[in-house]
Amino acid sequence: MKKILISIFAIILVLSLGACGNEKVKSEKTEISTEKLSKFPEFKLNDLNGNEVSSKDFKDYDITMINIWGTFYSPCINELPKLQKLNEAYEDKNFRLMGIVVDRDEYGAKELLKEKGITYTNFLPNRDIEELLANFDEVPTTIFVNKNGQVLNKVVVGGKSFEDYDKIVKGLLEN
């Protein structure tokens, strides 16, 4: 139990030191090796609304966009309405958007999502996802996963506009 708490604290510390204060993306691709992240880890948990979510859900969508964010980082918060707009624009196009709240502030996340009118799935990471999160040192970070749970080579670090995300999602859905 002590090791788990230490690893959680380490992940939060690393993410809090990241460059989330910048609305502009440094690069659409980071130094993150997609070999190391070739497959999203299998998981099963409840989202912030109490609904069961699992990695098996990926098979129901051509593309799942996973936004890794924190409740007290302004670029992450500012990005939420853009992501909601994207979710609404693609809700009938075999696309799903999910958020992982890395700072584990369940109450703060629920309040923030309610205040911003966010309806897409958000959840706190469990042990199965922690190892994946250790690969990222900045939030927001967004990855894309296909039907088979394979992490695609498109990794977005930092906040993006709706138009930028729209272009990425369109391109991924066309391929």
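Placed above this text is the structure.
Residue positions within a chain follow its written sequence, with the count starting from 1. Given that the model is predicted, a residue must reach a pLDDT of at least 70 before its local features are reported, and side-chain atom pairs must reach 80 or more before they are shown or counted; all residues, however, enter totals for whole chains, interfaces and linings. Computation of side-chain values: all heavy atoms of the structure, hydrogens and water removed.

**A short note on the overall build of the chain**
- Tallying secondary structure elements over the chain gives five helices and seven strands in all.
- Segments assigned H or I by DSSP are reported as helices when at least four residues long, segments assigned E as strands when at least two residues long, and all are numbered from the N terminus. Start at the N end of the chain and walk to the C end: the helices and strands fall as α-β-β-β-α-β-α-β-α-β-β-α.
- For every residue, the accessible area (1.4 Å probe, protein chains only) is compared with the maximum for its type, and the residue is labelled buried under 20%, exposed over 50%, or partly exposed between those bounds. A buried classification covers 50% of the 175 residues belonging to the chain.
- In the chain, the proportion of contacts linking residues at least 24 apart, taken out of those at least 6 apart, comes to 75%. In what follows, a contact means two residues having at least one pair of non-hydrogen atoms within 4.5 Å.

**Points about the packing of aromatic side chains**
- Aromatic pairing here means that ring centres of Phe, Tyr or Trp (its six-membered ring) are within 6.5 Å. Orientation follows from the plane angle: under 30 degrees is stacked, over 60 is edge-to-face, and everything else is tilted. The full count for this structure, using the stated rule, is six aromatic pairs.
- Measuring from centroid to centroid gives 5.7 Å for Phe40 and Phe43, while their planes differ by 65°, and the two rings are edge-to-face. Take Phe40 and Phe43: they sit in the same class, and that class is buried.
- Judged by centre distance (6.2 Å) and plane angle (65°), the rings of Phe43 and Phe58 are edge-to-face. In this pair, Phe43 sits in the loop between α1 (2-16) and β1 (44-46) while Phe58 sits in the loop between β2 (52-54) and β3 (63-69), placing the two residues 15 residues apart along the sequence.

**Concerning the sheet that holds strand β4 (residues 95-101)**
- Reading across the sheet, the five strands line up as β5-β4-β3-β6-β7 and stay open at both edges, with mixed pairing between neighbours. Strands with a single pairing partner mark the edges of an open sheet, and in this sheet they are β5 (121-123) and β7 (151-157). Going across the sheet, the axis of each strand differs from the next one's by a mean of 20°, ignoring polarity.
- When DSSP finds two or more bridges between two strands, those strands count as paired. Bridge count for β4 against β5 is three bridges, and the pairing is parallel. Directly across from Ile100, in β5, lies its bridge partner Phe123.
- Lying over the sheet, helix α5 (residues 162-174) contacts β3, β4, β6 (141-146) and β7, oriented at roughly 145° with respect to β3. Angles run from 0 to 180 degrees between N-to-C directions of axes, and those axes are lines fitted to C-alpha atoms, restricted for helices to the stretch in contact.

**Notes on the packing of helix α2 (residues 74-89) against α5**
- It is at 9 Å that the axes of α2 and α5 come closest, and there the two elements cross at 40°. One way to sum up the angle between α2 and α5 is to call them oblique. As α2 runs across α5, the sense of the crossing is right-handed. Contact with α2, carried on its side by Glu79, Lys82, Leu83, Lys85, Leu86 and Ala89, involves Phe162, Tyr165, Asp166 and Val169 of α5 and no other residues of that element.
- When its residues are assigned to classes, the contact of α2 with α5 shows six nonpolar, no polar and four charged. Oblique is the label for any angle not covered by the other classes, which are roughly parallel (under 35 degrees), roughly antiparallel (over 145) and roughly perpendicular (65 to 115). Here is the rule for handedness: rotate from the far helix to the near one, and if that takes an anticlockwise turn smaller than a right angle the crossing is left-handed, while a clockwise turn gives right-handed. Ten residue types, Ala, Val, Leu, Ile, Met, Phe, Trp, Tyr, Cys and Pro, are classed as nonpolar, four, Asp, Glu, Lys and Arg, as charged, and the remainder, Gly among them, as polar.

**Thoughts on the pairing of β7**
- Burial analysis of β7 places six of its seven residues in the buried class, which makes it a mostly covered element.
- Across four bridges, the pairing between β6 and β7 is antiparallel. Bridged to Val145 within β7 is Val151.
- Count of turn residues in the β6/β7 antiparallel hairpin: four residues, of which Gly149 carries a positive phi of about 80°.

**A word on the environment of Leu83**
- Mapped onto the elements of the fold, Leu83 is located in helix α2.
- The sequence separation of Leu83 and Tyr165 amounts to 82 residues, and the corresponding C-alpha distance is 8.3 Å.
- The contacts of Leu83, once residues within four sequence positions are left out, are Met65, Asn67, Leu97, Tyr120 and Tyr165.

**Quick word on the nonpolar core**
- Side-chain atoms within 4.5 Å link the members of a nonpolar core, which is a set of buried Ala, Val, Leu, Ile, Met, Phe, Trp, Tyr and Cys residues. One finds Phe40, Phe43, Met65, Ile129 and Phe144 to be the most contacted residues of the largest nonpolar core, which totals 50 residues.
- Looking at this core, the elements that each hand over two or more residues are β3, α2, β4, α3 (106-116), α4 (127-133), β6, β7 and α5.
- In this structure, Ile129 is in contact with Phe40, Pro41, Phe43, Leu45, Ile100 and Phe123, ignoring residues within four places of it in sequence.

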